[in-house]
Amino acid sequence: MLTLQVEELLARFDPVAGTIAGADAVTRALSDMRGYYADADAFAQALAHDDPRVYHVAAVEPDQGDGALHFGIGRIEPGRIGAEYFMTKGHLHAWRPAAEYYIGLHGSGVMLLEDETGVQASMVPLEPHRAVYVPGFTAHRTINTGDEPLTYLGIYPARAGHDYGVIAARNFRHVIIERDGAPVMVAREDYLRELGR
Ligand code: S6P
Ligand code: ZN
């Protein structure tokens, strides 16, 4: 249980840097994203050239009890691998009923949401002045479709946890790719066919 000490209740964050004072951050470089991009040749070419940071996430997880909330701030750099934008790995919550709110802070992007089968999918804009509801039982990936860093805040039940296994094994059924300067959602198998794979 937390006390009502201000310093336990107040978090200071930088909405552009995507940092939270005193909080640890997890960083994902391009080399951590092997297998996540559809265009394996473009991935190998990019990685041969450089291993940039793709995104980082800082989280405040003060309390573990039932009903407790956590939040994280993510920052995704601008960039693309082939036609696919820089993005997060994406996950389901280990506790599947856990929903989440995403709030855009800076830059412009989208969220790719899929139900557990990948049959139902949606591309939802994520940018300042937008809050996106991610229902429970929904795989979610965040994608920077702009030219500057995308930052966002995600608020989720303390019990949510992360399950990366399903996505690592079979990926999302859809990709978000750039077409004529704008993001579109396309079935992964159609994009792979276009690439000749
Ligand atoms: C946690 C929440 C976010 C993500 C972050 C990075 O439930 O959805 O804080 O952790 O967007 O994505 P990922 O897929 O690497 O955890
Ligand atoms: Zn989540």
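Definitions and cut-offs
Residues numbered from 1 in each chain as written. Chains lettered and ligands numbered in written order. Predicted model: local features only at pLDDT ≥ 70, side-chain atom pairs only at ≥ 80, totals over all residues. Heavy atoms only, no water. Donors = N, O, S within 2.8 Å, 3.2 Å for Na, K, Ca; no water. Tetrahedral: all angles 85-135°; square planar, octahedral: opposite > 155°, others 65-115°. Buried < 20%, exposed > 50% of the residue type's maximum accessible area, 1.4 Å probe, protein only. Phe/Tyr/Trp six-rings, centres within 6.5 Å; stacked < 30°, edge-to-face > 60°. Helix = DSSP H or I, 4+ residues; strand = E, 2+ residues; numbered from the N terminus. Lys NZ or Arg CZ within 6 Å of the ring centre and 35° of its normal. Pairing = 2+ DSSP bridges. Salt bridge = Lys/Arg side-chain N within 4 Å of Asp/Glu carboxyl O. pLDDT = per-residue confidence, 0-100. Near = heavy atom within 4 Å. Polar contact = N/O pair within 3.5 Å; in protein donor to acceptor, adjacent residues only side chain to side chain. Areas by Shrake-Rupley, 256 points an atom, 1.4 Å probe, with all protein chains shown as cover. 1 Å grid on protein atoms, 1.4 Å probe; cavity = no way out; pocket = protein on both sides within 12 Å on 5 of 7 lines; lining within 4 Å. Sits in = over half its atoms within 2 Å of the grid points.

**Quick notes on the coordination of the zinc ion (ligand 2)**
The protein atoms that coordinate the zinc ion (ligand 2) are His91 (NE2), His93 (NE2), Glu100 (OE) and His140 (NE2), at distances spanning 2.1 to 2.2 Å. Of note is the zinc ion (ligand 2), whose six donor atoms meet at the metal with angles of 73 to 172° in an arrangement that counts as octahedral. Overall, the relative accessible area of 5% leaves Glu100 in the buried class.

**Side note on the packing of aromatic side chains**
For any pair of aromatic rings, the description rests on two quantities: the centre-to-centre distance and the angle between the ring planes. Inspection of every chain in the model, using the stated rule, returns three aromatic pairs. Aromatic pair Tyr37 and Phe43: ring centres 6.2 Å apart, planes at 25°, arrangement stacked. With respect to class, Tyr37 is no different from Phe43; both count as buried. A ring pair is formed by Tyr102 and Tyr152, whose centres lie 5.3 Å apart and whose planes are at 25°; its orientation type is stacked. With Tyr102 in strand S8 (residues 100–106) and Tyr152 in strand S13 (residues 150–157), this residue pair connects regions lying 50 residues apart in the sequence. Overall, Tyr152 belongs to the buried group, its relative accessible area being 6%. Sitting over the ring of Tyr164, Arg28 keeps its end group 6.0 Å from the ring centre. Looking at Arg159, its charged tip hangs above the ring of Trp95, at a distance of 3.8 Å from the centre.

**Comments concerning unusual backbone geometry**
Notably, Phe137 is not glycine yet its phi reads approximately 60°, a positive angle. Tracing the chain through its elements places Phe137 in the loop between strand S11 (131–134) and strand S12 (138–144).

**A word on the pairing of strand S10 (residues 121–126)**
Strand direction decides the pairing type here: strand S9 (residues 109–115) and S10, joined by six bridges, are antiparallel. Across the sheet, Leu113 pairs through a bridge with Ser122, a residue of S10. Between S9 and the antiparallel strand that follows it, S10, lie five residues; Gly118 among them carries a positive phi value of about 85°.

**Here's the deal with the pattern of salt bridges**
One pass over the structure, following the stated rule, counts 10 salt bridges. For Arg75, the salt bridge goes to Glu77, with nearest N and O atoms at 2.7 Å. For Arg75, a relative accessible area of 16% gives the class buried. Look at Glu77 and you get buried, because its relative accessible area is 13%. Glu127 serves as the salt-bridge partner of Arg130, at 3.8 Å between the closest nitrogen and oxygen. Here Arg130 falls in the partly exposed class, since its relative accessible area comes to 40%. Counted as one network, the salt bridges with shared partners bring together Asp39, Asp41 and Arg197.

**What about the confidence of the model for the protein?**
Predicted coordinates in regions of low pLDDT should not be interpreted in detail. Of all residues in the protein, 100% attain a pLDDT of 70 or more, and the chain-wide mean is 97. No element of the protein has a lower mean pLDDT than helix H1 (residues 6–9), at 92, and none a higher one than S12, at 99.

**A short note on the site of ligand 1**
Not every one of the 14 residues close to ligand 1 is listed here, only the nearest: Tyr55, Glu100, Tyr102, Tyr152 and Tyr164. With respect to ligand 1, the backbone of Gly90 contributes an N or O atom lying 2.9 Å from an oxygen atom. Within the contact set of ligand 1, an oxygen atom lies 3.2 Å away from a side-chain nitrogen or oxygen of His93. Relative to its unbound accessible area of 400 Å², ligand 1 is 97% covered by the protein chains. Of the pockets mapped on this structure, ligand 1 occupies the largest pocket.

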